[in-house]
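Notes for the structure review
Here are the chains, one letter per residue:
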Amino acid sequence: MSEPILDIAGLSKVYPGGLKALDNVDLTIRKGEIFALLGPNGAGKTTLIGAVCGLVRPSSGTIRAFGHDMGREWRQARRRIGLVPQELATDMFEPVMRAVSYSRGLFGLAPDPARIEEILRSLSLGDKRDERIMALSGGMKRRVLIAKALAHEPDLLFLDEPTAGVDVELRKGMWRIVDEMRDRGTTIILTTHYIEEAELMADRVGVIAKGRLLMVDEKDAMMARLGRTEAHITLARPLGALPPSLAQYPVELEEGGASLCYRGGDGTGRGKAEVAEITKALIAAGIDYTGIDVRESSLEEIFVSLLGEEERAA
Amino acid sequence: MIGWRSTWSIYTRELTRFLRTAFQSVLAPVLTTSLYFIVFGAAIGGRMPDLGGVDYGAFIIPGLLMLTLLGETTSNSSFGIYMPRFTGTIYELLSAPVGVAETLIGFVGAAMTKSLILAAIILVTARLFVDYSIAHPILAVIYIMLVAAAFSLFGFILGIWADNFEKLGIIPLLFLTPLTFLGGTFYSIDMLPAPWDTIALANPIVYLVSGLRWTFYGSSDVNIWISFGITFAFLAACVGVIAFIFRTGWRLRA
Ligand SMILES: Nc1ncnc2c1ncn2[C@@H]1O[C@H](COP(=O)(O)OP(=O)(O)OP(=O)(O)O)[C@@H](O)[C@H]1O
Ligand SMILES: [Mg+2]
């Protein structure tokens, strides 16, 4: 396993009102990975990010980044951490270029206009450099925030819902940007409500709800463990009973024998292969069918079912 | 260890914000000072006797200067830190590798700079109305800087304490302005009948106005060193409060 870039142990946060926003969270982030934090509204995602970035004071637990304890050696650690907040917060009167240059200086780096220009261009903001931020669209403002977070060339970047309120086209642009940052070796922790996004971008996924980190795993492993294939085969003529050649598969008849339903496999594609075998077996048995509908369960369903289990447990 | 680049970034950004409204920032003090001189200097001053051997028009200059200085310094500084909290842009400052030193030197330094520019503008404007000379110019500059520093820090505390615009304005409105007006801005507290001349000494602003007046004309209501001492004590108290705020994260970090 590669060296941990961030090591969170026993982290809890109780807000003054008494609300427990983080409950004994342990999390280790590896160098170079993209980690997606998934969870419903109020799960504690922003609180977790805030605790690492210095916006929230942990009630207990330790956070180490790049081997530095965030409680004592926060200066060294913060220099290498970038944050794109969930809320659009910028000085609206400031021109783009100046806002981004300020961020670089604030983190203690010497001015480098060429580097800033490069960052702006990579975010398609090159032609907006002299524009006041208030004259930009919402999606552009979000990219300005990303540019500000990248201005000091962080090794660890937090993106708190980078694609919230961003249209499909821009969202794809954002994914491309994240990919480029990954290629440059930046470790990225992002939160999102779009499970599709985690599925597409993340190497690992953590599911959080009510302040508790319910599960952390490789995205593929999580899919393999919890993924399912569901197939419905519409039969030309209803069947009274299953043919013996299908007995080895997890299938059953539905809708009075008019439809054959398969539920099985895992997230690796075994389910699809079995469905293909079933269709061949049907033909071999002389059973005709008129339609096939195959669906892979997504992280979304995994997520929802995990939360459901959690609710039942509670 | 102070991150000077971070400090410089905060300082220049604050000043840039100030320059964005430069016209208003310069015009307002010029206008108010002129109005005070027209009303108090010309209209009323003509009927006033000299105070401590100083012409009334000249007498009110240190008071006027203090009036504007206290108000503007406090409001500039409190807005400087309140606005980022209000708009949410403070996240960047809180997540940056900057501590109390960088933040204070940056924000408070900028507020002080603005105040000194303001003081210069007022003194130049006053010169258009009355002839005056400053007895102890170096001490005057030091004293103005000291007061500007103390009230920048005070404003900073206000800007962190306030959680709405009303609170932001209430301290200057309810305390600072009345105390300044009652603090011998336009009169010498000797002129007050007993027991008010003694009661007036409970007003800390009296010592500030009096101290500045001493650096101008060499005479004042209270001893200059008491004035310096009180200003220093206030400054030290503000630094203490701010150190506490940063150590606990009060009103800054959730
Ligand atoms: N400053 C605060 N004071 C008190 N409670 C807070 C504060 N910030 C957040 N909370 C509470 O803590 C819980 C977690 O909030 P948090 O913002 O971390 O959730 P989130 O997972 O980021 O949600 P979302 O997906 O909506 O952004 C919520 O119940 C929220 O109301
Ligand atoms: Mg959030």
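Numbering of residues begins from 1 in every chain and follows the order in which that chain's sequence is written. A letter from A marks each chain and a number from 1 marks each ligand, given out in the order of writing. Reporting in this predicted model follows two pLDDT cut-offs: at least 70 for local features of residues, and 80 or more for side-chain atom pairs to be given and counted; totals over whole chains, interfaces and linings ignore these cut-offs and use all residues. The side-chain numbers reported here are obtained from all heavy atoms of the structure, hydrogens and water having been left aside.

Moving on, we get to the overall build of chain B. Labels follow the DSSP assignment, with helices taken as runs of H or I lasting at least four residues and strands as runs of E lasting at least two, numbered in each case from the N terminus. Scanning chain B from N- to C-terminus turns up ten helices and zero strands. When the helices and strands of chain B are listed from N to C terminus, the series reads α-α-α-α-α-α-α-α-α-α. Against the globule reference of 18 Å for 254 residues, chain B gives a C-alpha radius of gyration of 19 Å, in line with a compact fold. Seen through its principal axes, chain B has C-alpha atoms that stretch 60 × 40 × 35 Å. Put simply, chain B has 254 residues, and 52% of those count as buried. Within chain B, residue pairs in contact and separated by at least 24 positions form 82% of the contacts whose partners lie at least 6 positions apart. Note on areas: Shrake-Rupley with a 1.4 Å probe; residue coverage comes only from the protein chains shown. Looking at chain B as shown, the accessible area adds up to about 11200 Å², and 72% of this sits on carbon and sulfur atoms. Just to be clear, the radius of gyration here is over C-alpha atoms, and the globule rule we use is 2.2 Å times residues to the power 0.38. Per-residue accessibility, obtained with a 1.4 Å probe over protein chains only, is compared with the maximum for each type, and a residue is labelled buried under 20%, exposed over 50%, and partly exposed between these values. Contacts are residue-level and defined by heavy atoms, with any inter-residue pair within 4.5 Å sufficient.

The side chains of a regular strand alternate, residue by residue, between the two faces of the sheet. Residue and element names in this part refer to chain A. Taking every second residue as pointing to the same face, the buried face of strand S11 (residues 229–235) carries Thr229, Ala231, Ile233 and Leu235, while none of Glu230, His232 and Thr234 on the other face is buried. Strand pairing requires that DSSP identify at least two bridges connecting the strands. By the bridge criterion, six bridges tie S11 to strand S13 (residues 259–264) in an arrangement that is antiparallel. By the bridge assignment, isoleucine 233 is partnered in S13 with leucine 260. With seven bridges joining them, S11 and strand S14 (residues 289–296) adopt antiparallel strand pairing. Bridge assignment links threonine 229 to a residue of S14, and that residue is glutamate 296.

Before going further, it helps to examine the confidence of the model for chain B. Residues and elements named next belong to chain B. The share of residues in chain B with pLDDT of 70 or more is 100%, and the mean pLDDT across the chain is 88. As a per-residue measure, pLDDT tells how confident the predictor is, with possible values from 0 to 100. Taking the mean pLDDT of every element in chain B, the minimum, 80, falls on helix H2 (residues 22–44) and the maximum, 95, on helix H4 (residues 90–95). The ipTM value of the predicted complex is 0.89, and its pTM value is 0.86.

Before going further, it helps to examine the interface of chain B and chain A. On the side of chain A, 30 residues touch chain B, which itself brings 27 residues to the contact. Here the quantity called buried area is the total loss of accessible area, with a 1.4 Å probe, experienced by two parts when brought into contact, counted for both. Interface of chain B and chain A: buried area, both sides summed, is about 2600 Å²; carbon and sulfur atoms make up 55% of it. Here, a salt bridge means any side-chain nitrogen of Lys or Arg that lies within 4 Å of a carboxyl oxygen of Asp or Glu. Across the chain B-chain A interface, the total number found is four salt bridges. A salt bridge links Glu102(B) to Arg75(A); its shortest N-O distance comes to 2.5 Å. Polar contact is the term for a pair of N or O atoms within 3.5 Å; when the atoms are in protein, one must be able to donate a hydrogen and the other to accept it, and sequence-neighboring residues count only if both atoms are side-chain atoms. In this structure, the connection of chain B to chain A is made through 15 residue pairs in polar contact (both at pLDDT 80 or more). If you list the elements that add at least two residues to the side of chain B that touches chain A, you get helix H1 (4–20) and H4 of chain B. Top contributing element to the side of chain B that touches chain A by residue count: H1(B), with eight residues. Of the residues contributing to the side of chain B that touches chain A, the split by class is nine nonpolar, eleven polar and seven charged. For this classification, the nonpolar set comprises Ala, Val, Leu, Ile, Met, Phe, Trp, Tyr, Cys and Pro, the charged set comprises Asp, Glu, Lys and Arg, and every other residue, Gly included, is treated as polar.

All right, on to helix H6 (residues 168–183) of chain A then. Residue and element names in this part refer to chain A. To estimate the expected span of a helix, subtract one from its residue number and multiply by 1.5 Å. In a regular helix each residue adds 1.5 Å, so 16 residues correspond to 22 Å; H6 covers 23 Å between its end C-alpha atoms and thus fits that length. Those residues of H6 not exposed but buried are Arg171, Gly173, Met174, Trp175, Ile177, Val178 and Met181. Residues of H6 that are buried make contact with strand S3 (34–38), helix H4 (113–122), helix H5 (138–150), strand S7 (156–160), strand S8 (187–192) and helix H7 (195–201). Among the residues trailing H6, glycine 185 stands out with phi positive, at a value near 95°.

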